[in-house]
Amino acid sequence: MQSQGGDTAKGLDRRTLVRAGTALGAVAIGARPAAAVASAAPRCADRYLGYRPADERQPYAKYMKDRVDPPQPQVPRALAAAALPSRQVPERQALSAELHDPGYAPVETGFGRTRSGEIWVACLTDMPRVAPAMWDWWFAWHSYDGARYKLWHPEAHAYAALRSDRRADPSLTDRQRYRGNTSYVDEYIGGRLDQLAISFQDPARYGIDERRFDGTVICGTVGTALLPVNVGLLVHQVRPTARGAEMRSRFYLNVPGLRGLDPAGISCAVRRGAVLPRSITFDLRFGAALLRHCGEEMNHLARFLPELHAEFGGSRS
Ligand SMILES: [Zn+2]
């Protein structure tokens, strides 16, 4: 199953980018250092869009689709309204209070720039039939294989791997499997390929007290996979509703920080084709693209997450 369709120009751009990235990686590594890289990182999967025959033999293949579902209507509405004025954009320091509030923030879906220059994105997704615990399971399960990660956004997700394989310890809860772990993902956001390192953390680190609401919070830093540098923060709060759940997503970008050095992770990022970041600062255009991407992938997966979880939720692999 290949990811393709009407948007040929976009598809060509992506393929060109992937080829260019592969060539760049080959130049960067060279013949002799490649051997050293291979020993430092024995298992580095390929990056590609769509599914290969080996992927289609996976037991979850029936959930593979060619196209992502459109986002819910609040997302195109927010995009059409353009960026929120900075005076209405909540600062990052207000995030925990916003999530502790049992109601809703003045703007639950939108994007803008804070007065301090950070790019802010918020996205509300309604998820009928979904339970918050299904999202903890998803974050513990999906990063072990790029094909699983592609179930989430089949047109934009190209690669996933985890820094630490925790499947051997059956005593760990889903949260313990992904919190404190780093997920390396290559994905297209707004037509641009990014090689990201998402380090999931305990929400308490950001002042978020999970005892103050039902549900769960997935939160972590967003960084580049090529450097031990973080560039932002993501938070997905999942709360129960009368008919399922809802996700309140928040992103703050242009938040620099350091991440622990992982030479094997960086080696893999270079081997699969290093795509040097055009910049490690983000603008409003990227914020809009991220809002669309988040609205698409969260709505897309939520539609079959109950079935996927029922089928594979008991598996520790
Ligand atoms: Zn994505």
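Reading the values: the criteria
- Residues numbered from 1 in each chain as written.
- Predicted model: local features only at pLDDT ≥ 70, side-chain atom pairs only at ≥ 80, totals over all residues.
- Helix = DSSP H or I, 4+ residues; strand = E, 2+ residues; numbered from the N terminus.
- Buried ≥ 20, exposed ≤ 12 C-beta atoms within 10 Å, placed from the backbone.
- Contact = placed C-beta atoms within 7 Å.
- Pairing = 2+ DSSP bridges.
- Axes fitted to C-alpha atoms, helices over the stretch in contact; angles between N-to-C directions.
- Core = buried A, V, L, I, M, F, W, Y, C linked by C-beta atoms within 7 Å.
- Expected span 1.5 Å × (residues − 1).
- Parallel < 35°, antiparallel > 145°, perpendicular 65-115°, else oblique.
- Left-handed = near helix turned anticlockwise from the far one by under 90°.
- Nonpolar A, V, L, I, M, F, W, Y, C, P; charged D, E, K, R; others polar.

1. Structural notes on the overall build of the chain
In terms of helices and strands, the chain carries 11 helices and eight strands. Considering the chain as a whole, with its 317 residues, one finds that 44% of them fall into the buried category. Taking all contacts inside the chain whose residues are at least 6 apart in sequence as the whole, residues at least 24 apart take part in 72%.

2. As for the pairing of strand S8 (residues 244-258)
Bridge analysis of strand S2 (residues 119-128) against S8 gives 10 bridges, and the strand direction is antiparallel. Residue Trp120 lies in a different strand from S8, and its bridge partner there is Tyr252. With 12 bridges joining them, strand S7 (residues 229-241) and S8 adopt antiparallel strand pairing. Looking across to S8, one finds that Thr241 is bridged to Gly244. Hairpin geometry of S7 and S8 is characterised by an intervening segment of two residues between the two adjacent antiparallel strands.

3. A word on the environment of Glu210
As for its placement among the helices and strands, Glu210 is situated in the loop between strand S5 (192-201) and strand S6 (216-224). Along the sequence, Glu210 and Gln237 sit 27 residues apart, while their C-alpha atoms lie 9.6 Å from each other. Apart from residues lying up to four places away in sequence, Glu210 is in contact with Pro203 and Val217.

4. With respect to the sheet that holds S5
Pairing in this open sheet of eight strands is antiparallel, and the strands run S1-S2-S8-S7-S6-S5-S4-S3 from one edge to the other. Lying at the two open borders of the sheet, with one neighbouring strand each, are strand S1 (110-113) and strand S3 (157-162). Strand-to-strand twist of the sheet, defined as the mean angle between neighbouring strand axes without regard to direction, takes the value 20°. Contacts from helix H6 (residues 132-141) reach S5, S6, S7 and S8 within the one sheet, and its direction differs from that of S6 by about 30°.

5. Quick look at the nonpolar core
Looking at soluble globular proteins, one finds that nonpolar side chains tend to be buried together. Counting residues in each nonpolar core, the largest one holds 74 residues, and the members touching the most others are Val121, Cys123, Tyr184 and Leu291. Top contributing element to this core by residue count: helix H10 (residues 284-302), with eight residues. In contact with Val121, other than residues within four places in its own chain, are Phe111, Phe251, Gly287, Leu290, Leu291 and Cys294.

6. Details of unusual backbone geometry
Unlike most non-glycine residues, Arg129 shows phi in positive territory, near 75°. Although it is not a glycine, Asn254 sits at a positive phi angle of roughly 70°.

7. Some words on the pairing of S3
In terms of residue burial, S3 counts as a mostly covered element, since five of its six residues are buried. The pairing of S3 with strand S4 (residues 182-189) spans five bridges and is antiparallel. When the bridges of S4 are listed, Ala160 appears paired with Val185.

8. What to know about H10
Across its 19 residues, H10 extends 27 Å between first and last C-alpha, which sits within 8% of the 27 Å expected from 1.5 Å per residue. In terms of burial, H10 is a largely internal element, 16 of the 19 residues being buried.

9. Quick look at H6
Across the 10 residues of H6, nine count as buried, placing the element largely inside the fold. Those residues of H6 that sit buried are Pro132, Met134, Trp135, Asp136, Trp137, Trp138, Phe139, Ala140 and Trp141.

10. What to know about the environment of Arg292
Secondary-structure assignment places Arg292 in helix H10. On the basis of neighbour counts, which here come to 20 C-beta atoms within 10 Å, the residue Arg292 falls in the buried class. In this structure the C-alpha to C-alpha distance between Arg292 and Pro76, which are 216 residues apart in sequence, comes to 7.6 Å. Those residues in contact with Arg292, other than ones at most four positions away along the chain, are Pro71, Val75 and Leu79.

11. A closer look at the packing of H6 against helix H11 (residues 305-312)
Running from amino to carboxyl end, H6 crosses H11 at an angle of 65°, the nearest separation of the two axes being 10 Å. Taken together, H6 and H11 sit at an angle that is classed as roughly perpendicular. The handedness of the crossing between H6 and H11 comes out as left-handed. On the side of H6, the interface is formed by Met134, Trp137, Trp138 and Trp141, while H11 contributes Leu305, Pro306, His309 and Phe312. Considering only residue class, the contact of H6 with H11 consists of seven nonpolar, one polar and no charged.

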